[in-house]
Structures are given as C-alpha cells and as structure tokens.
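# Residue-level structure breakdown
The residues making up each chain are set out below.
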Amino acid sequence: MSYVKPAELVTRMVDAGAYKLQLSARDTLIRSFMGAAFLTLGAAFAVTISTNTGQPLLGAVLFPVGFVILYLFGYDLLTGVFTLGPLAVLDKRPGATVGAMFRNWGLVFVGNFGGAFFIAILMAIYFTYGFSTEPSAVGHAIGEIGHGRTVGYADHGAAGMLTLFIRGVLCNWLVSTGVVLSMVSDNVVGKILAMWLPIMLFFYMGFEHSIVNMFLFPSGLLLGADFTLMDYLIWNEIPTVIGNLVGGLLFVGLPLYFTYGRPAARRTRRKSTKTSASAPVAPVAIAEVETAAGSGVEREPISVG
C-alpha cells in the first residue's frame, strides 16, 4: 500500500483546505449535509449494535463505517474544516482569507446540522413506528445519552463544563487525525485502515463530537428524553464546538504544518576529525533536509566523496 510521507501530507492538507475555501455555497452545503448524514447513520448503527448486543466495544469498532464512507466521497465535516481551512490561510494561498475561512465554517455548520437533524427525524420515526408507539430499546438508549451528556454535565457545574470542553478537545484531536490520515495513502484500503483507528478510539472513549451530537440530542428530544433544547445548546453543543476547534487545530493541524510545512533551519555542529597520512579521509558534505512548504519533497542526507 502506498504511503505519503509527512512533508507531502502537509502539502495535501493545505491544498485541501484551500480547495474547500473556494467551493461555492451550494457545493459546500450539499457536501456537508451528506457528510453529516453518513456520519450520523454510522452513529445510529453503532448505538444499535451496542444496545442489542450489550457490547459497547463492538459498536465502537463498527462506528467508523459512516466516517469512512463520507470521506471516500469527499464530503465535509465541521471538525475537518476546523483543521484544514486555517492552514490554507497561514500558507497564504490565493483566496484563502480569514473571511473565506469563517464563511466556510458557517456553511459547513449549517449543512452538517441539516444532515444530522434529517437523520434524527428519520430514525425517530423508525424507532417509534411513526411516533405511534413508545421508542424502541435503541431509542431509549439514545434518549439516555442525551440526558446524561447535558444534565449530567450541568449537575457538576463549572467542573462539568470543563470536562465537556476537554472531551471536545480530545475528540477532534482524534477525529482530525482520522481526516488527515485519509490523505496518507493513495490506496483505498490504506485510506480505510488509516481512518478507522482514531475514529474507533474516539467513539469508544465517549468523547464529544459536535456533528454526532447534532443527531443524538435532537433524536433524544424527539423521542421524549428528559432534557431541554437549552440544556443541549449550553451544556453540550456550544462548548463541544469550541473544544473541537481547539483540539483539531492546536493538536493536529498546527503541529504538522509548522514542523513539516515550515520546518526550522536544521542546526549543524562541526566536528574536528583526525586524519593520518596513510589513510586520508575524503571531505564529506551533509546536505540539510529541506522541506519547502509547497513542494512536499524531503531530501535525505547525502554524502559527496
């Protein structure tokens, strides 16, 4: 399977960010709507497996199905553009402005919410036979998730809010890693395997993903769970979005960009060498590894005899 080295990977990340900032509003909304729809179908699938089998790990292992599908189609999630868009701005790509970045974030948020809420409605109908019966066991499980991750945080006050924020940070540290790893191979199987690992981990650990929550919490409200819309917004969605932004950009996008896209000059140390008349040593020149932000080419040290 092909492997893209980090220097070239960063170039691909910047290219992807610049491309997304230039998309029309129509294309951005369609891609983000569909991206959230596939992701949240995967979430519904995972909760169904966990509930019906009593094995949360199995649900986590299979949850990445939706994530893989949406990124193979080239659709968008807010968590991904939080990481890629700012890199294009930092790299001063044509058209990559702060205004364009915020426009992209806003459109993706709207599209993601539309897609997630659409699936929430469809699944609520499915879990209740068109709202004619009590929710199924899976519907009850979704309602409990919504209650526990809103009122549950509120019960702890400031400590609960801090925990919620940290879970959002940790979530997009992993999810954005999955987004970036989707570019680490040119082989479909390689892409799938690379994406699968961090996404499985985030879901099993119970971290907070703003787009998955756009499905879980509206679903809970539609199914009669014991929390309110304001509980959802204040004690989950808003802090989660902020945490997702910090986690993806601070721990994934910026470290890769600054060390591979704009590496600091390598420090070299001269050493004196002793030579003998019988065994002269040819001068050796060590070429410094040079990584241009736009080239993605890394030259290894070479010896000149």
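Refer to the preceding data block for the structure.
Let me begin by describing the structure that accompanies this report. (Residues numbered from 1 in each chain as written. Predicted model: local features only at pLDDT ≥ 70, side-chain atom pairs only at ≥ 80, totals over all residues. Heavy atoms only, no water.)

Secondary structure assignment for the protein chain yields twelve helices and zero strands. Listed by position from the N terminus, the elements making up the protein chain come as α-α-α-α-α-α-α-α-α-α-α-α. Residue pairs in contact within the protein chain that sit at least 24 positions apart in sequence constitute 78% of those at least 6 positions apart. Of the roughly 15,000 Å² that the protein chain leaves accessible, carbon and sulfur atoms contribute 67%. (Helix = DSSP H or I, 4+ residues; strand = E, 2+ residues; numbered from the N terminus. Contact = heavy atoms within 4.5 Å. Areas by Shrake-Rupley, 256 points an atom, 1.4 Å probe, with all protein chains shown as cover.)

As a further point, take the packing of aromatic side chains. All chains considered together, the criterion is met by 16 aromatic pairs. Ring centres of F73 and Y75 lie 5.5 Å apart, and the angle between their planes is 35°; this geometry places the pair in the tilted category. Through a chain of ring-to-ring contacts, the aromatic side chains of F38, F73 and Y75 assemble into a single cluster. (Phe/Tyr/Trp six-rings, centres within 6.5 Å; stacked < 30°, edge-to-face > 60°.)

As a further point, take the environment of L70. Counting through the fold element by element, L70 comes out in helix 4 (residues 64-72). In this structure L70 comes out as buried when scored by relative accessible area, which is 0%. Placed 36 residues apart in sequence, L70 and M34 show a C-alpha to C-alpha distance of 7.5 Å. In contact with L70, other than residues within four places in its own chain, are G35, F38, L39, Y75 and L77. (Buried < 20%, exposed > 50% of the residue type's maximum accessible area, 1.4 Å probe, protein only.)

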